[in-house]
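Coordinate inspection notes
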Amino acid sequence: MANRPFIVGNWKMNGTRAMLAEARAIDRGAARHAGVRVAVAPPFTLIQALAENAETMAIGGQDCHAAASGAYTGDVSAAMLADSGASFTILGHSERRAMHGETDEIVRAKAEAALAAGLEVIVCVGETEAQRDAGQAEAVVCGQLDCSLPVGEGVAGRVTVAYEPVWAIGTGRVPSVEDIGAIHRAIRARLVTIYGEDGAGVSILYGGSVNAANAAELLAADEVGGALVGGASLQADSFLAIVLAAGGPGEE
Ligand SMILES: O=C[C@H](O)COP(=O)(O)O
């Protein structure tokens, strides 16, 4: 059976307790769209509050440390995320790769730690504009998959891949539907190489300037199983419009 479309809001470093009402509105909307799997990854500081109030949507982290505990000032372990009510974590987002020096090897170690703590993982990959212009997008993304994804028995069922071209994040620019389809097909083929037949069941999300206006078209591209949404996930109205576009039977 095909996976439900998966729509994930990444709030990044946005949100205080003033956002709890927005989160409740998203959760109520998610309940009306049972055909779509809805999730929000708020800052660490809001995970527990959102998780305690969420009836339908899943709550996750945006990162975790690879170690279980220890002298890592400012970091948060996967077990701490799970203890706060998270059921998944995003890993290897391009902002962390670029701003925090996260390599593929670090991303894989974090993913292994997250799985060990009982979390699902959303592993992000994507090329820069220079890499795309040089015709290297597919090679870069497949290399990231090869070296970032956790592997092992039963792992594929707890992994989601998010393809986010770096140049499309927060810019309002998106690849053509044909380009998105082409790279998602390449990702699917690589997932089958990595995970065998289980790779066919891994959801692949598109991320990068997804909004209420373009969601239906982007979500219809080949092998796109959902979206990782940044800016448009900060308001319930715009986020739920994307959920609706993902095909929920909904009441509206
Ligand atoms: O994780 C989300 C992505 O970085 C996309 O962000 P954006 O929707 O603001 O472009």
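Residues numbered from 1 in each chain as written. Predicted model: local features only at pLDDT ≥ 70, side-chain atom pairs only at ≥ 80, totals over all residues.

Keep this limit in mind: UniProt positions are given in the numbering used here, feature names are shortened, and annotations may be inferred rather than shown by experiment.
You'll find the protein chain entered in an unreviewed UniProt entry as Triosephosphate isomerase, with Novosphingobium ginsenosidimutans given as the organism. In its Sequence similarities (unreviewed entry) section, UniProt records this for the protein chain: "Belongs to the triosephosphate isomerase family." Under the UniProt heading Subunit (unreviewed entry), the entry covering the protein chain gives this text: "Homodimer."

1. A short note on the pairing of strand S1 (residues 6–10)
For a regular strand, the rule is simple: side chains alternate between the two faces of the sheet. Selection criterion: Here a residue counts as buried when 20 or more other C-beta atoms fall within 10 Å of its C-beta, as exposed when 12 or fewer do, and as partly exposed in between; the C-beta atoms come from the backbone. Only DSSP runs of H or I with at least four residues qualify as helices, and only runs of E with at least two residues qualify as strands; both kinds are numbered from the N terminus onward. Here, the term right-handed applies to a crossover whose path from the first strand over the helix to the second runs clockwise when the strands point away from the viewer. At least two DSSP bridges between two strands are needed for those strands to be called paired.
Taking burial as the measure, the five residues of S1 include five buried ones, the bulk of the element. You can see the chain leave S1, run along helix H1 (residues 20–31) and come back into strand S2 (residues 37–41), and the turn it takes is right-handed. Pairing analysis gives four bridges linking S1 to strand S8 (residues 226–229), with the strands arranged parallel. Counted as the bridge partner of Val8 is Leu228 from S8.

2. Quick word on the sheet that holds strand S6 (residues 159–163)
How we decide: Axis geometry follows a simple rule: fit a line to the C-alpha atoms, using only the stretch in contact for helices, then measure angles between N-to-C directions, giving values from 0 to 180 degrees.
The eight strands are arranged S1-S2-S3-S4-S5-S6-S7-S8 in a closed barrel whose pairing can be described as parallel. For this sheet, the mean angle separating the axes of adjacent strands, direction not counted, is 25°.

3. Some details on the site of the ligand
Filter applied, for reference: All residues are tested the same way: a C-beta atom is placed from the backbone, and lying within 6 Å of a molecule or strand makes the residue near it. In this classification, Asp, Glu, Lys and Arg are treated as charged, Ala, Val, Leu, Ile, Met, Phe, Trp, Tyr, Cys and Pro as nonpolar, and every other residue, Gly included, as polar.
Taken together, 14 residues lie near the ligand, and Asn10, Ile169, Gly207, Gly230 and Gly231 sit nearest. Partitioned by chemical class, the residues of the shell around the ligand number five nonpolar, eight polar and one charged.

4. Digging into the nonpolar core
Rules: As used throughout, a nonpolar core is a set of buried Ala, Val, Leu, Ile, Met, Phe, Trp, Tyr and Cys residues joined through C-beta atoms within 7 Å of each other. By the convention adopted here, residues are in contact when the distance between their C-beta atoms, placed from the backbone, does not exceed 7 Å.
Ile7, Ile122, Val123, Val161, Ala227, Ile242 and Val243 are the most contacted members of the largest nonpolar core, which has 72 residues in total. At seven residues, the largest contribution of residues to this core is made by helix H10 (residues 236–245). With near-sequence residues (within four places) excluded, Ile122 lies in contact with Val8, Phe88, Ile90, Leu91, Thr160, Ala162 and Leu228.

5. A word on the confidence of the model for the protein chain
Selection criterion: You can read pLDDT as the predictor saying how much it trusts each residue, on a scale of 0 to 100.
Per-chain confidence: the protein chain averages 96 in pLDDT, with 98% of residues scoring 70 or above. Scoring the predicted complex yields pTM 0.97 and, for the interface, ipTM 0.99.

6. Section: the packing of H1 against helix H2 (residues 44–53)
Short version of the rule: Roughly parallel covers angles under 35 degrees, roughly antiparallel covers those over 145, roughly perpendicular covers 65 to 115, and oblique covers all other angles. Two helices crossing with the near one rotated counterclockwise from the far one by less than a right angle form a left-handed crossing, whereas a clockwise rotation gives a right-handed crossing.
Their axes nearest at 10 Å, the elements H1 and H2 cross at an angle of 40°. When the axes of H1 and H2 are compared, the pair comes out oblique. When the axes of H1 and H2 are compared, the crossing they make is right-handed. Where H1 approaches H2, its residues Leu20, Ala23, Arg24 and Asp27 are matched on the opposing element by Ala49, Leu50 and Asn53. For the contact of H1 with H2, the per-class residue count stands at four nonpolar, one polar and two charged.

7. Thoughts on the UniProt feature "binding site: substrate" (unreviewed entry) in the protein chain
Under the local residue numbering, the UniProt record ascribes the feature "binding site: substrate" (unreviewed entry) to Asn10, Trp11, Lys12, Gly170, Ser209, Gly230 and Gly231. In sequence the annotated residues extend across 222 residues, while in space they remain close, none of their C-alpha pairs exceeding 13.9 Å. Within the element layout of this structure, Asn10 appears in strand S1. For Asn10, the residues in contact, after removing those within four places along its chain, are Ala41, Gln62, Ile90, Leu228, Val229, Gly230 and Ser233. You can see Gly230 is positioned in the loop between S8 and H10. Taking the C-beta count within 10 Å as the criterion, Gly230 has 22 such neighbours and is therefore assigned buried. Each residue touching Gly230, except ones within four places of it in the same chain, is listed here: Asn10, Lys12, Ile169 and Gly170.

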